[in-house]
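An overview of the molecular structure
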Amino acid sequence: MDYDGHNVRRLTNHHSLVLSPNCSLDGSKIVFNSDKVWNQDIYVISLFPKIEERRLIHTGRMAQTAAWSPDGMKIAYSGGDGDIFVANADGSGTINLTHHPAINVSPTWSPDGKQIAFVSDRDGVPQIYVMNSDGSNLKRITSGGYSTDPSWSPNIEVNKIAFVKVEGTEANIFTINPDGSDEQRLTSGSRRNENPSWSPDGHYIAFSSTRGGAENIYIMYFNGENQRPLTKGGGKSFPTWCR
């Protein structure tokens, strides 16, 4: 759909669970995971010159939460027993970056492609970690609550990571610097605000929220101001932006 909520069109017809879409920075392709063929696998849809879909990664085990690198040459995803992997854009050349018995999910790339943020429960509770794109120099950047859903701004001048912190029955969206400083809360309330996704220019964040009783897509400025709904009717989640 358009950024104002108009011109909605359907891209998949899997009759199955389709999750975590992620659009390439040039707007030409979307990766997502689906259990269309038994396990959750990674699929890619090419949007131009015509819409074409193919299964990109099939491991025989769960593969999910794929994210494009800024140059569109790589994807990072969670797979196997819960590790972060990087593969070429055609699904070849897979490399395990984490090699850890904990659950590691939801990778997101820095705007220069040199780092990856992700979620891990290696310290007991899911938190946000940052590492180099080769798996080195790992650092935890969040604390308190249950932190998940990281999304790194594609704008190097903004250079913030949006994420969700779950505290009790509430789930709210925060931003934080990649070094763990300057944590800022963007949403509030007793409902669930989740799945933050940055606009290509880094000025807006789309997200899902149940604040109206049903889950819909909302948009706000990157500082949390001017929050407004884009969809109605409920059942809407996992927004992603395409140019």
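For the structure itself, consult the block above.
Let me sum up the structure you'll find in this document.

Rules used throughout
- Residues numbered from 1 in each chain as written.
- Predicted model: local features only at pLDDT ≥ 70, side-chain atom pairs only at ≥ 80, totals over all residues.
- Heavy atoms only, no water.
- Helix = DSSP H or I, 4+ residues; strand = E, 2+ residues; numbered from the N terminus.
- Rg over C-alpha atoms; globule rule 2.2 N^0.38 Å.
- Buried < 20%, exposed > 50% of the residue type's maximum accessible area, 1.4 Å probe, protein only.
- Contact = heavy atoms within 4.5 Å.
- Lys, Arg positive; Asp, Glu negative; His and termini not counted.
- Charge placed at Lys NZ, Arg CZ, Asp CG, Glu CD.
- Disulfide = S-S within 2.5 Å.
- Polar contact = N/O pair within 3.5 Å; in protein donor to acceptor, adjacent residues only side chain to side chain.
- Pairing = 2+ DSSP bridges.
- Phe/Tyr/Trp six-rings, centres within 6.5 Å; stacked < 30°, edge-to-face > 60°.
- Lys NZ or Arg CZ within 6 Å of the ring centre and 35° of its normal.
- Salt bridge = Lys/Arg side-chain N within 4 Å of Asp/Glu carboxyl O.

Considering the overall build of the protein chain
What the protein chain contains, in helices and strands, is zero helices and 20 strands. Rg of the C-alpha trace for the protein chain: 17 Å, near the compact-globule value of 18 Å for 243 residues, within the 12% margin. Each principal axis of the C-alpha atoms in the protein chain carries an extent, and together these give about 40 × 40 × 35 Å. In the protein chain, buried positions account for 48% of the 243 residues. The long-range share in the protein chain, meaning contacts at least 24 apart out of those at least 6 apart in sequence, stands at 31%. For the protein chain, the distance from the average site of its 23 positive side-chain charges to the average site of its 26 negative ones is 4 Å.

Things to note about the environment of Pro101
With respect to the secondary-structure elements, Pro101 resides in the loop between strand S8 (95–96) and strand S9 (104–109). Residues Pro101 and Lys74 lie 27 residues apart in sequence; the distance between their C-alpha atoms is 24 Å.

Overview of the state of the cysteines
Within this structure, the stated rule accounts for one disulfide. Here Cys23 pairs with Cys242 through a disulfide, and the sulfurs are 1.9 Å apart. Note on the Cys23 and Cys242 pair: the S-S dihedral is about 120 degrees, so by sign convention the disulfide is right-handed. Here Cys242 lies in the segment after strand S20 (228–229) and Cys23 lies in strand S1 (residues 18–23), a separation of 219 residues in the sequence. Assessed through its relative accessible area of 9%, Cys23 is described here as buried. Cys242 sits in the partly exposed class, given a relative accessible area of 32%.

Some remarks on the environment of Arg192
Mapped onto the fold, Arg192 is located in the loop between strand S16 (184–185) and strand S17 (193–198). The exposure class of Arg192 is partly exposed, given its relative accessible area of 31%. Sequence separation of Arg192 and Val8 is 184 residues, and the distance between their C-alpha atoms is 24 Å. Not counting residues up to four positions away in its chain, the partners in contact with Arg192 are Val166, Thr169, Ala171, Ser208, Ser209 and Thr210. There is a polar contact of 3.2 Å between the side chain of Arg192 and the side chain of Glu194.

Digging into the sheet that holds strand S10 (residues 115–120)
Ordered by their spatial adjacency, four strands build an open sheet running S9-S10-S11-S12, and the pairing between neighbours is antiparallel. Where the open sheet ends on each side, the last strands, each with one partner, are S9 and strand S12 (139–140). Sheet topology places S9 next to S10; four bridges connect them, and they run antiparallel. The residue of S10 that forms the bridge with Val105 is Val119.

Details of the packing of aromatic side chains
Aromatic rings in a pair are described by how distant their centres are and how their planes are angled relative to each other. Summed over the entire model, instances satisfying the criterion amount to six aromatic pairs. With centroids separated by 5.2 Å and ring planes inclined at 40 degrees, the aromatic side chains of Tyr204 and Tyr221 adopt a geometry described as tilted. Linking Tyr204 in strand S18 (residues 204–209) with Tyr221 in strand S19 (residues 216–221), this pair joins segments that are 17 residues apart in sequence. Note on Tyr204: relative accessible area 26%, which makes it partly exposed. Lying over the aromatic face of Tyr129, Arg122 brings its terminal NZ or CZ to 5.5 Å of the ring centre.

Focus: the pairing of S9
Counting buried residues along S9, six of its six residues qualify, which places the element largely inside the surrounding structure. A loop of five residues connects S9 with S10, the two strands running antiparallel in sequence, and Gly113 in this loop sits at a positive phi of about 75 degrees.

Focus: the sheet that holds S18
Read across the open sheet, the four strands follow the order S17-S18-S19-S20; overall the sheet is antiparallel. Two strands bound the open sheet, and with one partner strand each, they are S17 and S20. Pairing analysis gives two bridges linking S19 to S20, with the strands arranged antiparallel. Bridge pairing in S20 links Tyr218 to Pro229.

Side note on the pattern of salt bridges
For the structure shown, the criterion picks out nine salt bridges. For the salt bridge of Asp123 with Arg140, the shortest nitrogen-to-oxygen distance reads 3.2 Å. Remark: Arg140 occurs in strand S12 and Asp123 occurs in the loop between S10 and strand S11 (127–132); sequence separation between them is 17 residues. The partner of Glu170 in a salt bridge is Arg185, with the nearest N and O atoms 3.3 Å apart. Separated by 15 residues along the polypeptide, Glu170 in strand S15 (residues 170–176) and Arg185 in strand S16 bring together distant segments of the chain. Owing to a relative accessible area of 27%, Glu170 belongs among the partly exposed residues under this scheme. Overall, the relative accessible area of 41% leaves Arg185 in the partly exposed class.

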